[in-house]
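What follows is the residue order along each chain.
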Amino acid sequence: SQTIHQWPATLVQPVGSPLSLECTVEGTSNPNLYWYRQAAGRGLQLLFYSVGIGQISSEVPQNLSASRPQDRQFILSSKKLLLSDSGFYLCAWSVLGELFFGEGSRLTVL
Amino acid sequence: RKEVEQDPGPFNVPEGATVAFNCTYSNSASQSFFWYRQDCRKEPKLLMSVYSSGNEDGRFTAQLNRASQYISLLIRDSKLSDSATYLCVVNMYSSASKIIFGSGTRLSIRP
């Protein structure tokens with residue numbers, strides 16, 4: 001069966017520090033992969049999606065970036081965090097349009 | 001105009017009531033539609049897919065109106081456990097698997 005792992009689950013970072021969130025999927029090949037962000041009390045905002053290795057579509061570039069170095073690995077990064085980057089970050093993979101989420105990473109930027 | 005728009009609510013209804021949510025989408029080429037449920041501080045989970053002919057799963061009914069570009073979710077005989085945020089989701093195949101969420105509708109069921 002397919003599983004998705006996302007880490008770290010929780011992190012507190014100072015403004016201006018770098019960020020790296022990692023997501024891996026097991027049990028499937030060539031999945032479509034997604035990064036979403038949810039600010040407190042808000043909906044899910046699509047940040048990046050990828051249909052294959054090295055293929056990244058950006059919805060909200062700002063100071064975030066994403067990479068897909070391997071088929072089942074999706075990484076979200078920032079060189080310098082802003083206060084507004086705080087939120088709940090969710091990685092997901094998709095088949096036939098249905099999304100399967102990781103458990104999320106809760107980021108607080110201070 | 002947002003790609004997917006949803007009434008944010010909140011809806012506060014008594015147990016046993018019927019409640020309906022609507023969601024509109026802007027891209028007429030969108031191909032698949034879903035309703036997700038999200039509990040507080042958790043990841044969203046699929047509630048049901050939405051088919052052109054409409055579909056029902058127990059107390060839940062989902063419908064799609066392509067002409068008017070909206071989807072709906074009807075919950076009958078609501079239970080306390082139905083309290084959650086409901087998110088409509090649109091897969092825009094015309095943009096290579098871009099999947100967009102509505103902002104979510106909060107539902108609270110009171111005893």
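One can find the structure itself at the top, above this paragraph.
Residues numbered from 1 in each chain as written. Chains lettered and ligands numbered in written order. Predicted model: local features only at pLDDT ≥ 70, side-chain atom pairs only at ≥ 80, totals over all residues. Heavy atoms only, no water.

### A short note on the overall build of chain A
So, step 1. Looking only at helices and strands, chain A features zero helices and eleven strands.
So, step 2. Order of helices (α) and strands (β) in chain A, N terminus to C terminus: β-β-β-β-β-β-β-β-β-β-β.
So, step 3. Relative to its length of 110 residues, chain A is compact, with a C-alpha radius of gyration of 13 Å against a globular reference of 13 Å.
So, step 4. Expressed along its principal axes, the backbone C-alpha trace of chain A runs to roughly 40 × 25 × 20 Å.
So, step 5. Taken across its 110 residues, chain A has 49% of its residues classed as buried.
So, step 6. Counted over contacts in chain A with a minimum sequence separation of 6, partners at least 24 positions apart contribute 52%.
So, step 7. Element-wise, carbon and sulfur atoms account for 52% of the exposed surface of chain A, whose accessible area totals about 5200 Å².
So, step 8. Both charge centroids of chain A, one from 7 positive and one from 7 negative side chains, sit 10 Å from each other. (Helix = DSSP H or I, 4+ residues; strand = E, 2+ residues; numbered from the N terminus. Rg over C-alpha atoms; globule rule 2.2 N^0.38 Å. Buried < 20%, exposed > 50% of the residue type's maximum accessible area, 1.4 Å probe, protein only. Contact = heavy atoms within 4.5 Å. Areas by Shrake-Rupley, 256 points an atom, 1.4 Å probe, with all protein chains shown as cover. Lys, Arg positive; Asp, Glu negative; His and termini not counted. Charge placed at Lys NZ, Arg CZ, Asp CG, Glu CD.)

### As for the packing of aromatic side chains
Aromatic ring pairs are described here by two measures, namely the spacing of the ring centres and the angle between the planes.
So, step 1. What the rule picks out here adds up to 14 aromatic pairs over all chains.
So, step 2. Where Tyr-34 of chain A meets Tyr-49 of chain A, the ring centres are 6.1 Å apart and the plane angle is 20°; that geometry is what we call stacked. With Tyr-34 of chain A in strand S4 (residues 32-38) and Tyr-49 of chain A in strand S5 (residues 44-52), this residue pair connects regions lying 15 residues apart in the sequence.
So, step 3. Ring centres of Phe-11 of chain B and Phe-21 of chain B lie 5.3 Å apart, and the angle between their planes is 85°; on these two criteria the pair is classed as edge-to-face. Of this pair, Phe-11 of chain B sits in strand S2 (residues 11-14) while Phe-21 of chain B sits in strand S3 (residues 19-25), placing them ten residues apart in sequence.
So, step 4. Here a set of aromatic residues connected by ring pairs shows up, and it is made of Tyr-34, Tyr-36, Tyr-49 and Phe-101 of chain A together with Phe-34, Tyr-36 and Phe-101 of chain B.
So, step 5. Over the face of the ring belonging to Phe-88 of chain A we find Arg-106 of chain A, whose NZ or CZ atom lies 4.0 Å from the ring centre. (Phe/Tyr/Trp six-rings, centres within 6.5 Å; stacked < 30°, edge-to-face > 60°. Lys NZ or Arg CZ within 6 Å of the ring centre and 35° of its normal.)

### Notes on the environment of Arg-1 of chain B
All names here are of chain B.
So, step 1. As for its placement among the helices and strands, Arg-1 is situated in the segment before strand S1 (4-6).
So, step 2. Take Arg-1: its relative accessible area is 73%, and that puts it in the exposed class.
So, step 3. Once the C-alpha coordinates of Arg-1 and Gln-63 are considered, the two residues, 62 residues apart in sequence, prove to be 23 Å apart.
So, step 4. Excluding residues within four positions of it along the chain, Arg-1 makes contact with Thr-24, Tyr-25 and Ser-26.

### Here we look at the interface of chain B and chain A
So, step 1. Facing 21 residues of chain B, the contacting portion of chain A comprises 22 residues.
So, step 2. Buried surface at the junction of chain B and chain A, summed over both partners, amounts to about 1600 Å²; 55% is from carbon and sulfur atoms.
So, step 3. Contact with chain A buries area across many residues of chain B, yet Glu-43, Ile-99 and Phe-101 of chain B alone supply 31% of it, more than any other trio.
So, step 4. Counting across the chain B and chain A interface gives one salt bridge. (Buried area = accessible area lost by both parts, 1.4 Å probe. Salt bridge = Lys/Arg side-chain N within 4 Å of Asp/Glu carboxyl O.)

### Points about the sheet that holds strand S1 (residues 3-7) of chain A
Residue and element names in this part refer to chain A.
So, step 1. If you trace the four strands from one edge of the open sheet to the other, you get S1-S3-S8-S7, paired in antiparallel fashion. Edge positions in the open sheet fall to S1 and strand S7 (64-70), since each of these has one partner strand only. Across the sheet, the mean angle separating the axes of adjacent strands is 15° when strand polarity is ignored.
So, step 2. One ladder, built from six bridges, connects strand S3 (residues 19-26) with strand S8 (residues 73-78); its direction is antiparallel. When the bridges of S8 are listed, Ser-20 appears paired with Ser-77. (Pairing = 2+ DSSP bridges. Axes fitted to C-alpha atoms, helices over the stretch in contact; angles between N-to-C directions.)

### Brief notes about the state of the cysteines
All names here are of chain B.
So, step 1. Within this structure, the stated rule accounts for two disulfides over all chains.
So, step 2. Each disulfide pairs two cysteine sulfurs, and for Cys-23 the partner residue is Cys-88, the sulfurs being separated by 1.8 Å. Around the S-S axis, the bridge from Cys-23 to Cys-88 shows a dihedral of about 50° and counts as right-handed. One end of the pair, Cys-23, is in strand S3; the other, Cys-88, is in strand S9 (residues 84-92), and 65 residues separate them in sequence. By the burial criterion, Cys-23 is buried, and Cys-88 matches it.
So, step 3. Note on Cys-40: no disulfide assigned, nearest cysteine sulfur contributed by Cys-88 at a separation of 20 Å. (Disulfide = S-S within 2.5 Å.)

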